[in-house]
Amino acid sequence: MKPAFLTDAQIDARALSHRRELGFRDEQGIDFMILMARLKARYPNFAYERVPDGQLADTEAQWDSETKRLRIPELVFLAALRGESRALMTIAHEVGHALLGHEGILHRAPAGSQAERLSAKVRAMEYQARRYAAALLIPNIEAIRHMSAGEMSEHFGVSMSAAMLRKSELK
């Protein structure tokens, strides 16, 4: 199945809608365990699983649309519990695959991975999941568009590079 074409504005709108449906205020950062609990409550078929490090090879996390399961290696899970920015972005990326309805076994990989180079479908889904993750963690609302990248980074618990990229997206 070819993923639906979504504009950046549509991805941002979906992420904001999902944030609100999950009970996060627009100006609130997202806590990993609260996110997991609310996803499970809102979507009863959704599940996550902590897996031993190395079980997913070098993959930071994996979404399986058939089983509706998010697999998270132990190191990434513990980093997300501590609020580490890369782990939170990884989880938000996989949640993007789930809530955007992407099909298959998908995982966060560096942009330009071999799968992305070979498949326009994978490239589109990965782009959408990356954009969605940023929009879920830093929503596109008026008050936030006026924040500096440094303020975004600190307020929403994302890396400075992620905040700078999101700031440029919101211009």
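Look a little higher up for the structure.
Residues numbered from 1 in each chain as written. Predicted model: local features only at pLDDT ≥ 70, side-chain atom pairs only at ≥ 80, totals over all residues. Heavy atoms only, no water.

Here's the deal with the sheet that holds strand 3 (residues 69-73)
Our working rule: Note: two strands are recorded as paired if DSSP finds a minimum of 2 bridges between them. Elements are defined by DSSP. Helices are runs of H or I of four residues or more, strands are runs of E of two residues or more, and each kind is numbered from the N terminus. In this analysis, axes come from line fits to C-alpha atoms, helices being fitted only over the stretch in contact, and the angle between any two N-to-C directions falls in the range 0 to 180 degrees.
Read from one edge to the other, the open sheet built from four strands follows the order 1-3-2-4, with strand pairing classed as mixed. For this open sheet the edge positions go to strand 1 (47-51) and strand 4 (105-107), each flanked by a neighbour on one side alone. Taken pair by pair, the neighbouring strands of this sheet meet at an average axis angle of 20°, ignoring direction. Summarising the sheet, strand 2 (residues 62-64) and strand 3 pair through three bridges and their orientation is antiparallel. Each residue of the ladder has a partner; that of D64, found in strand 3, is R69.

Quick notes on helix 4 (residues 85-99)
In an α-helix, one turn spans 3.6 residues, which is why side chains three or four residues apart end up on the same side. Note the following rule: The length a helix should cover is 1.5 Å for every residue beyond the first. Burial classes: relative accessible area under 20% of the type maximum marks a residue as buried, over 50% as exposed, and values in between as partly exposed (1.4 Å probe, protein chains only).
The end-to-end C-alpha distance of helix 4, which contains 15 residues, comes to 21 Å, matching closely the 21 Å that a straight helix rising 1.5 Å per residue would cover. Among the 15 residues of helix 4, 13 are classified as buried, and the element is accordingly described as predominantly covered. Following helix 4 by one or two positions, G101 adopts a phi angle in the positive range, close to 75°.

Some details on the environment of A92
Here is the rule: What makes two residues a contact is simply this: any of their non-hydrogen atoms within 4.5 Å.
With respect to the secondary-structure elements, A92 resides in helix 4. In this structure the C-alpha to C-alpha distance between A92 and A15, which are 77 residues apart in sequence, comes to 10.0 Å. Leave out the neighbours within four places in its chain, and A92 touches Y132, A133, L136 and L137.

Examining the pattern of salt bridges
Heads up, the rule is: Here, a salt bridge means any Lys or Arg side-chain nitrogen found within 4 Å of an Asp or Glu carboxyl oxygen.
What the rule picks out here adds up to 15 salt bridges. The closest approach of N and O atoms between D12 and R131, which form a salt bridge, is 2.9 Å. Taken as a pair, D12 in helix 1 (residues 8-21) and R131 in helix 6 (residues 120-137) lie far apart in primary sequence, 119 residues in all. Given a relative accessible area of 5%, D12 falls into the buried group. The residue R20 makes a salt bridge to D26 at a minimum N-O spacing of 2.6 Å.

Section: the nonpolar core
This is how it is decided: We define the nonpolar core as a collection of buried residues of types Ala, Val, Leu, Ile, Met, Phe, Trp, Tyr and Cys that are connected through side-chain atoms lying within 4.5 Å of one another.
Counting residues in each nonpolar core, the largest one holds 45 residues, and the members touching the most others are L35, M36, I91 and V95. Mapped by element, the contributors of at least two residues to this core are helix 1, helix 2 (32-42), strand 3, helix 3 (74-81), helix 4, helix 6, helix 8 (149-156) and helix 9 (160-169). If near-sequence neighbours (up to four positions away) are discounted, L35 is found in contact with L22, F24, I30, I91 and V95.

Brief notes about the packing of aromatic side chains
Threshold: Pairing of aromatic side chains here covers Phe, Tyr and the six-membered ring of Trp, requires ring centres within 6.5 Å, and sorts the geometry by plane angle: under 30 degrees stacked, over 60 edge-to-face, intermediate tilted. Sitting over a ring, as applied to charges here, requires NZ of Lys or CZ of Arg to be within 6 Å of the ring centre and within 35 degrees of the ring normal.
As enumerated under the stated definition, the model contains three aromatic pairs in all. Aromatic pair F46 and W63: ring centres 5.9 Å apart, planes at 15°, arrangement stacked. With a gap of 17 residues between them, F46 in the loop between helix 2 and strand 1 and W63 in strand 2 connect regions that are remote in the sequence. Residue classification places F46 among the buried positions, given a relative accessible area of 6%. Aromatic rings pair up to connect F32, Y48 and F77 into one cluster. For R38, the ring lying beneath its charged end belongs to F24, and the centroid distance is 4.7 Å.

Focus: the packing of helix 3 against helix 4
Under the convention used in this document: Roughly parallel means an angle under 35 degrees; roughly antiparallel, over 145; roughly perpendicular, 65 to 115; everything else is oblique.
Interhelical geometry of helix 3 versus helix 4 gives an angle of 110° and a closest axis separation of 8 Å. In terms of orientation, helix 3 and helix 4 fall into the roughly perpendicular class. Residue-level contacts link V76, A79 and A80 of helix 3 to A87, L88, T90 and I91 of helix 4.

Remarks on the pairing of strand 3
Counted residue by residue, strand 3 has four buried out of five residues, so it is predominantly covered. With five bridges connecting them, strand 1 and strand 3 associate as parallel partners. Directly across from V51, in strand 3, lies its bridge partner P73. What sits between strand 2 and strand 3 in their antiparallel hairpin is a turn of four residues, with K68 showing a positive phi close to 55°.

From the geometry alone we can't say anything about function, so treat these as descriptive.
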